[in-house]
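# What the coordinates show
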Amino acid sequence: MLSDLQKNKLRSAIKQKDGWWASIFSGPLANRFLEPICDIPWISPNLITISSFFIGLTAAWCFAVGDYAHLLCGAVLVQLSFIVDCMDGQLARYRQQFSKLGAWLDRVSDRVKDFAFFFSLALGFFCNHNKVRPFFLSLRNCVYG
């Protein structure tokens, strides 16, 4: 269990300037998920980043399947991936454990997940509806953001 001082230090690790969804929902929820594991030494911010990446790729696979149940599961996994992605930065700030590799890994994994989400949603739509136009429109989003 964390002491009150440690809990306050962990809460102060939530990013102050962030998007509205992260500020209201994902950041505070990530903080709660982080509380029981923040002092386990082998759990590093980079390990959490990699976990978020694989959760995101699993969501992309669900989107590529494209049926209703998989789309719903993919949506839940995207949100979980985002929450876990918030956890890595909070843990790094809590422990004062920053690295260039960690910053690079976080940025690159976020961009790969974004591409995978757009691409797999389009692929799942194409495979289930045989319509090409949404597939190419999503590729435009993948390339140009």
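Let us look at the structure shown here. (Residues numbered from 1 in each chain as written. Predicted model: local features only at pLDDT ≥ 70, side-chain atom pairs only at ≥ 80, totals over all residues. Heavy atoms only, no water.)

## A short note on the side chain of Thr49
Within the secondary structure layout, Thr49 lies in helix 3 (residues 45–65). With near-sequence residues (within four places) excluded, Thr49 lies in contact with Asp88, Leu105, Asp106 and Ser109. (Helix = DSSP H or I, 4+ residues; strand = E, 2+ residues; numbered from the N terminus. Contact = heavy atoms within 4.5 Å.)

## Let's talk about the environment of Leu57
By the secondary structure assignment, Leu57 is in helix 3. The class of Leu57 is partly exposed, set by a relative accessible area of 30%. C-alpha separation for the pair Leu57 and Leu34, spaced 23 residues apart in sequence, amounts to 22 Å. (Buried < 20%, exposed > 50% of the residue type's maximum accessible area, 1.4 Å probe, protein only.)

## Some details on the nonpolar core
For soluble globular proteins, the rule of thumb is that nonpolar side chains tend to be buried together. Counting 22 residues, the largest nonpolar core has Leu10, Leu34, Cys38, Ile48, Met87, Leu91 and Tyr94 as the members making the most contacts within it. The element that contributes the greatest number of residues to this core is helix 4 (residues 68–95), accounting for seven residues. Residues within four places of Leu10 in sequence aside, it is in contact with Leu2, Asn31, Leu34, Glu35, Cys38 and Tyr94. (Core = buried A, V, L, I, M, F, W, Y, C linked by side-chain atoms within 4.5 Å.)

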